[in-house]
Amino acid sequence: MPATPRAAFRSLLDEIGTVDAVGVEERAAKYTTRSIKRKAKVFGLKLAVSMLDLTTLEGKDTPGKIESLCRKAVRPHEDPAIPPVAAVCVYPALVRPARRALGADTPVRIASVATAFPSGQMPLKTRLHEVRTAVADGADEIDMVINRGAFLAGEFARVQDEIAAVVEASGDAALKVILETGELETYDNIRAASFLAMRVLRAGDFIKTSTGKTAANATLGNNQVMLEAIRDFYLATGTPIGMKPAGGIRAAKHALQFLIAVKETLGDAWLTNERYRFGASSLLNDLLRQLEREKTGAYQAPYSFSEAAESY
């Protein structure tokens with residue numbers, strides 16, 4: 001007789017440990033009280049720019065819009081000291097225009113959401129075809145969604161098997177596994193889903209909080225739970241997994257708080273876009289505004305910078 005969902009969760013949590021929810025919230029609250037000196041702040045703001053996945057995921061996206069997005073990704077600001085973003089993120093059908101716009105010799109990667117984003121509710125064969133098509137068209141990274149229904153039903157082997165199949169279909173492309181933390185309901189579930197994903201991922205792959213298409217997105221709390229899962233997994237296996245909070249991070253001060261959490265939980269080795277990303281394109285303009293203020297002493301109006309795509 002198969003284990004009940006409750007028994008499956010209990011068995012996994014006995015293995016990986018539960019989350020001290022009060023402790024997590026206290027740690028997250030402390031990150032908002034940290035004082036940052038000017039030099040460190042400028043460094044952090046530029047680092048956050050370099051960690052952005054500049055995104056457009058709208059039904060009205062066009063090749064022309066993608067070309068504009070790519071130009072902004074390569075040169076977010078006229079100041080050459082400000083780095084390019086980490087990646088542009090588009091639907092699979094628009095990977096080819098992004099590749100044409102960026103060319104081959106660029107530090108900016110192309111990420112594509114796949115596996116029936118954002119619901120994940122399509123047959124596995126269809127989801128895998130979408131992944132293979134995006135990679136064949138030039139995607140360097142794939143952002144997939146897990147089957148939350150299977151996870152909440154305690155079908156852990158199915159969840160892991162599907163992630164493993166996407167890993168294989170992705171080939172050399174990095175994989176970011178979206179847990180959709182707002183639908184997982186508890187910190188214990190978020191930790192459990194993190195471990196299920198990491199056990200079939202490769203070094204250089206990521207776990208990610210959200211699609212940005214639900215009411216609940218990235219928070220310092222769920223970010224902390226996932227960072228601690230990454231830390232514990234790394235200490236046990238030696239495999240470094242990246243992290244991507246997504247959705248709801250719109251202000252530069254909030255991005256800096258997330259970076260403080262990374263530094264204090266995982267250390268400097270994770271303060272790179274090879275291991276940490278922000279899925280929050282609307283954050284870019286505020287980062288640029290804050291950098292301009294540190295340089296000139298005055299705020300620029302938001303319309304002084306070209307508008308970023310909607311966050312997710």
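Everything below is about the structure printed above this text.
Residues numbered from 1 in each chain as written. Predicted model: local features only at pLDDT ≥ 70, side-chain atom pairs only at ≥ 80, totals over all residues. Heavy atoms only, no water.

**Some remarks on the overall build of the protein chain**
Thinking step 1. Secondary structure assignment for the protein chain yields 13 helices and seven strands.
Thinking step 2. Taken over the C-alpha trace, the protein chain has a radius of gyration of 19 Å; the compact-globule value for 312 residues is 20 Å, and the two agree within 12%.
Thinking step 3. For the protein chain, the spread of C-alpha atoms along the three principal axes comes to 65 × 45 × 35 Å.
Thinking step 4. Expressed as a percentage of its 312 residues, the buried residues of the protein chain come to 56%. (Helix = DSSP H or I, 4+ residues; strand = E, 2+ residues; numbered from the N terminus. Rg over C-alpha atoms; globule rule 2.2 N^0.38 Å. Buried < 20%, exposed > 50% of the residue type's maximum accessible area, 1.4 Å probe, protein only.)

**Overview of helix α13 (residues 283-296)**
Counting along an α-helix, one turn takes 3.6 residues, and residues three or four places apart therefore face a common direction.
Thinking step 1. Compared with an ideal rise of 1.5 Å per residue, which puts 14 residues at 20 Å, α13 spans 20 Å between its outermost C-alpha atoms and is within 8% of the ideal.
Thinking step 2. In terms of burial, α13 is a largely internal element, ten of the 14 residues being buried.
Thinking step 3. Looking at the buried side of α13, the elements it contacts are α3 (38-50), β1 (53-55), α4 (63-74) and α12 (252-265).
Thinking step 4. The positive-phi residue at the C-terminal boundary of α13 is G297, with phi of around 85°. (Expected span 1.5 Å × (residues − 1). Contact = heavy atoms within 4.5 Å.)

**Here's the deal with the side chain of D143**
Thinking step 1. Mapped onto the elements of the fold, D143 is located in strand β4 (residues 141-145).
Thinking step 2. There is a polar contact of 2.8 Å between the side chain of D143 and the side chain of K208. (Polar contact = N/O pair within 3.5 Å; in protein donor to acceptor, adjacent residues only side chain to side chain.)

**What to know about α3**
Thinking step 1. For α3, with 13 residues, the first-to-last C-alpha span of 19 Å sits near the 18 Å given by 1.5 Å per residue.
Thinking step 2. Within α3, burial applies to K41, V42, G44, L45, L47, A48, V49 and S50.
Thinking step 3. In this fold, the buried residues of α3 make contact with α12 and α13.

**Concerning the packing of helix α2 (residues 21-31) against helix α11 (residues 220-237)**
Thinking step 1. Between α2 and α11, whose axes approach to 9 Å, the crossing angle comes to 110°. The angle between α2 and α11 falls in the class roughly perpendicular. Like other packed secondary-structure pairs, α2 and α11 cross with a definite hand, here right-handed. For the pair α2 and α11, the contacting residues are V24, R27, A28 and Y31 in the first and L220, G221, Q224, V225 and E228 in the second.
Thinking step 2. Residue classes in the contact of α2 with α11 are distributed as five nonpolar, two polar and two charged. (Axes fitted to C-alpha atoms, helices over the stretch in contact; angles between N-to-C directions. Parallel < 35°, antiparallel > 145°, perpendicular 65-115°, else oblique. Left-handed = near helix turned anticlockwise from the far one by under 90°. Nonpolar A, V, L, I, M, F, W, Y, C, P; charged D, E, K, R; others polar.)

**Quick word on the sheet that holds strand β2 (residues 87-90)**
Thinking step 1. Judged by pairing direction, the sheet is parallel, and its seven strands sit side by side in the order β1-β2-β3-β4-β5-β6-β7 without closing on themselves. Sheet topology places β1 and β7 (242-244) at the edges, where each strand pairs with a single neighbour. Here the average twist between neighbouring strands, direction ignored, is 25°. (Pairing = 2+ DSSP bridges.)

**What about the environment of V49?**
Thinking step 1. Take V49: it is sitting in helix α3.
Thinking step 2. Given the relative accessible area of 0%, V49 is considered buried.
Thinking step 3. Expressed as a C-alpha distance, the spacing of V49 and R277, which sit 228 residues apart in the sequence, is 9.5 Å.

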